[in-house]
Amino acid sequence: MKLRIIFAVLMSFTLSLVMSGWVTFLNIGAQSYFFGAWIHAWILAWPAAFIIVFVSGPIVQKLSKKVSDSF
């Protein structure tokens with residue numbers, strides 16, 4: 001369980017940080033307030049990403065195994 005929590009924290013941190021930055025950039029471009037908007041979006045996205053990764057991680061891992069075993 002400890003590994004699952006650590007994985008969820010690290011994966012959700014990375015994914016939400018990069019995705020919120022990318023979407024913020026696409027929405028507002030390189031404005032002077034970009035970093036403030038990015039951080040605001042990331043703070044809102046990280047908890048949701050953590051829950052999604054924590055809940056869906058084992059399911060996606062099993063599905064990945066089934067797909068890779070079929071090749």
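It should be noted that the structure appears before, not after, this text.
To start, this report covers the structure provided alongside it. All of these numbers come straight from a predicted model, not from anything done at the bench. (Residues numbered from 1 in each chain as written. Predicted model: local features only at pLDDT ≥ 70, side-chain atom pairs only at ≥ 80, totals over all residues. Heavy atoms only, no water.)

1. Thoughts on the side chain of Ser-20
The residue Ser-20 is located in helix H1 (residues 2–28) in this model. A polar contact of 3.2 Å, which involves the side chain of Ser-20, links it to the side chain of Trp-38. (Helix = DSSP H or I, 4+ residues; strand = E, 2+ residues; numbered from the N terminus. Polar contact = N/O pair within 3.5 Å; in protein donor to acceptor, adjacent residues only side chain to side chain.)

2. Brief notes about the packing of H1 against helix H2 (residues 34–69)
The geometry of H1 relative to H2 is characterised by a closest axis approach of 6 Å and an angle of 140° between their N-to-C directions. Comparing their axes, H2 and H1 come out oblique. Along this stretch, H1 crosses H2, giving a crossing that reads as right-handed. (Axes fitted to C-alpha atoms, helices over the stretch in contact; angles between N-to-C directions. Parallel < 35°, antiparallel > 145°, perpendicular 65-115°, else oblique. Left-handed = near helix turned anticlockwise from the far one by under 90°.)

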